[in-house]
Structures are given as C-alpha cells and as structure tokens.
Amino acid sequence: ASRILACELASIAAKRRTDSDVTALRSTVEAMRHENNLSKLLWLDFDFHWALTTAAQNVVPLLFMNSVRGLLKKYLHLLERLWVSPGTISAGYEHVVDAIGRGESNRARALLEWIWLGREQRFAEALETQAERASPTTQAASGHAVSLRK
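Residues numbered from 1 in each chain as written. Predicted model: local features only at pLDDT ≥ 70, side-chain atom pairs only at ≥ 80, totals over all residues. Heavy atoms only, no water.

Trainee: When you look at the nonpolar core in this model, what are you seeing that I'm missing?
Mentor: Grouped burial of nonpolar side chains is what soluble globular proteins tend to show. With 34 residues, the main nonpolar core has Phe-48, Leu-52, Val-96, Ile-100 and Leu-112 as its most contacted residues. Looking at which element gives the most residues to this core, the answer is helix H3 (residues 38–56), with ten residues. Residues within four places of Phe-48 in sequence aside, it is in contact with Leu-25, Thr-28, Val-29, Met-32, Tyr-93, Val-96 and Val-97. (Core = buried A, V, L, I, M, F, W, Y, C linked by side-chain atoms within 4.5 Å. Buried < 20%, exposed > 50% of the residue type's maximum accessible area, 1.4 Å probe, protein only. Helix = DSSP H or I, 4+ residues; strand = E, 2+ residues; numbered from the N terminus. Contact = heavy atoms within 4.5 Å.)

Trainee: What's the story with helix H2 (residues 19–33) in this structure? I'm lost.
Mentor: Side chains three or four residues apart in an α-helix point the same way, a direct result of the helix having 3.6 residues per turn. Across its 15 residues, H2 extends 21 Å between first and last C-alpha, which sits within 8% of the 21 Å expected from 1.5 Å per residue. Within H2 the residues assigned to the buried category are Asp-21, Val-22, Leu-25, Thr-28, Val-29 and Met-32. Take H2 and look down its axis: the buried residues cluster within an arc of 125 degrees, on one side only. Exposed side chains of H2 directed beyond 90 degrees from the buried face belong to Asp-19, Ser-20 and Thr-23. (Expected span 1.5 Å × (residues − 1). Arc of directions from axis to C-beta.)

Trainee: When you look at the pattern of salt bridges in this model, what are you seeing that I'm missing?
Mentor: Where charged atoms from two side chains of opposite charge approach closely, those side chains can pair. On inspection of all chains with the given rule, the structure shows eight salt bridges. Here Arg-3 ties to Glu-113 by a salt bridge, and the two come within 3.6 Å at their closest N and O atoms. With Arg-3 in helix H1 (residues 2–16) and Glu-113 in helix H7 (residues 105–134), this residue pair connects regions lying 110 residues apart in the sequence. The class of Glu-113 is partly exposed, set by a relative accessible area of 32%. Arg-102 is paired through a salt bridge with Glu-104; the nearest N and O atoms lie 3.2 Å apart. Look at Glu-104 and you get partly exposed, because its relative accessible area is 29%. Salt bridges linked by common partners bring Arg-3, Glu-113 and Glu-120 together as one network. (Salt bridge = Lys/Arg side-chain N within 4 Å of Asp/Glu carboxyl O.)

Trainee: Mind showing me how you'd approach the packing of H1 against H3 here?
Mentor: In helix packing, the relevant descriptors are the interaxial angle and the interaxial distance, both defined with respect to the helix axes. Where H1 contacts H3, the axes come no closer than 7 Å and their chain directions differ by 50 degrees. Relative to H3, the element H1 lies oblique. At the point where H1 passes H3, the crossing takes the left-handed sense. Seen from H1, the contacting residues are Ala-6, Leu-9, Ala-10, Ile-12, Ala-13 and Arg-16; seen from H3, they are His-49, Leu-52, Thr-53, Ala-55 and Ala-56. Among the residues making up the contact of H1 with H3, the classes are represented as eight nonpolar, two polar and one charged. (Axes fitted to C-alpha atoms, helices over the stretch in contact; angles between N-to-C directions. Parallel < 35°, antiparallel > 145°, perpendicular 65-115°, else oblique. Left-handed = near helix turned anticlockwise from the far one by under 90°. Nonpolar A, V, L, I, M, F, W, Y, C, P; charged D, E, K, R; others polar.)

Trainee: Help me understand the packing of aromatic side chains, please; the structure alone is not making it clear to me.
Mentor: To describe a pair of aromatic rings, you give the distance between the ring centres and the angle between the ring planes. Applying the stated criterion across every chain, the model contains three aromatic pairs. Summarising the aromatic geometry, the rings of Phe-46 and Trp-50 are spaced 6.2 Å apart at their centres and angled 25 degrees between planes, so their arrangement reads as stacked. A residue pair is termed a helical-turn pair when its members lie 3 or 4 positions apart in one helix, as Phe-46 and Trp-50 do in helix H3 at four residues. You can call Phe-46 buried: its relative accessible area is 5%. Owing to a relative accessible area of 26%, Trp-50 belongs among the partly exposed residues under this scheme. When the ring of Phe-48 is compared with that of Tyr-93, the centres are 3.9 Å apart and the planes differ by 5 degrees; the resulting orientation is stacked. With a gap of 45 residues between them, Phe-48 in helix H3 and Tyr-93 in helix H6 (residues 93–101) connect regions that are remote in the sequence. (Phe/Tyr/Trp six-rings, centres within 6.5 Å; stacked < 30°, edge-to-face > 60°.)

So, in structure tokens, the structure goes:
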C-alpha cells in the first residue's frame, strides 16, 4: 500500500508542485546523501515522503503521513534491526525530484515505483539469505549436510 500511495503522490506532485516544494525535496535528498546513521536516514526518508505529500497538495495523504509519523516514533527501534544498506535508502530519489521539477508525472511515478520494487527485492533476498543461514542441518550418513526444510 505504501508503494502505491507514494508512486501516485509522486505523479500528482509533478502536476501540482511549487518551486519551494521542489527545493524542499532536493534539500532532503541532499541531506540523505551525507547521512550514514540509520535512525536519521529513516527520519529523512520520512521527511522526503512528507515533502512529496506536501507537493501533491492533498490533505488526506498528509493526515495519513501524520499517523505514520507516530508509528515511526514507536517502532523505529524495530526498523533499525531490518537489513538496510544506508546508501540504498535514497538511491534514485534525485531522479524522482528531477522528474517532479520538470512536471513529468508518469516518469516520477515510474521512477519511484522502480525504487520501491528494488527495496522490496533486496529485503526479500536478505530474508531468504538469513533463513538459509539459520536453517538447521544434520549430517547424513554420507557426511553431507542435509537441510531439514522442505
């Protein structure tokens, strides 16, 4: 749901944004480039999506984002434990901002969707790798490890 909402907001933002909206988006992306602390990066990612939502000029997603802010405060300590490579959080955002700045709504949507799909893929791969490492094995009579997973 977050991916769908963010992608649509990028598209709408490209149609409705002001120059100050684009400046706010660029400023957030620039701050993300120079940050390595995961907690701060997650908040900057929220700030990026807040600026995106503000640029779309629609009050309903802003209300939704306000409730997400509270959840982020509450669950940040859990999010920090997920596999996240700091450099991947903002990867591609500058291209989304460029598309929004040029009013290219379809491109802004497509770029943000590409970013979200990449995140989802990396997360799934990390979970799979973690599960493989944690899988119990036993030694078969032949001396080869045999996985107990189906």
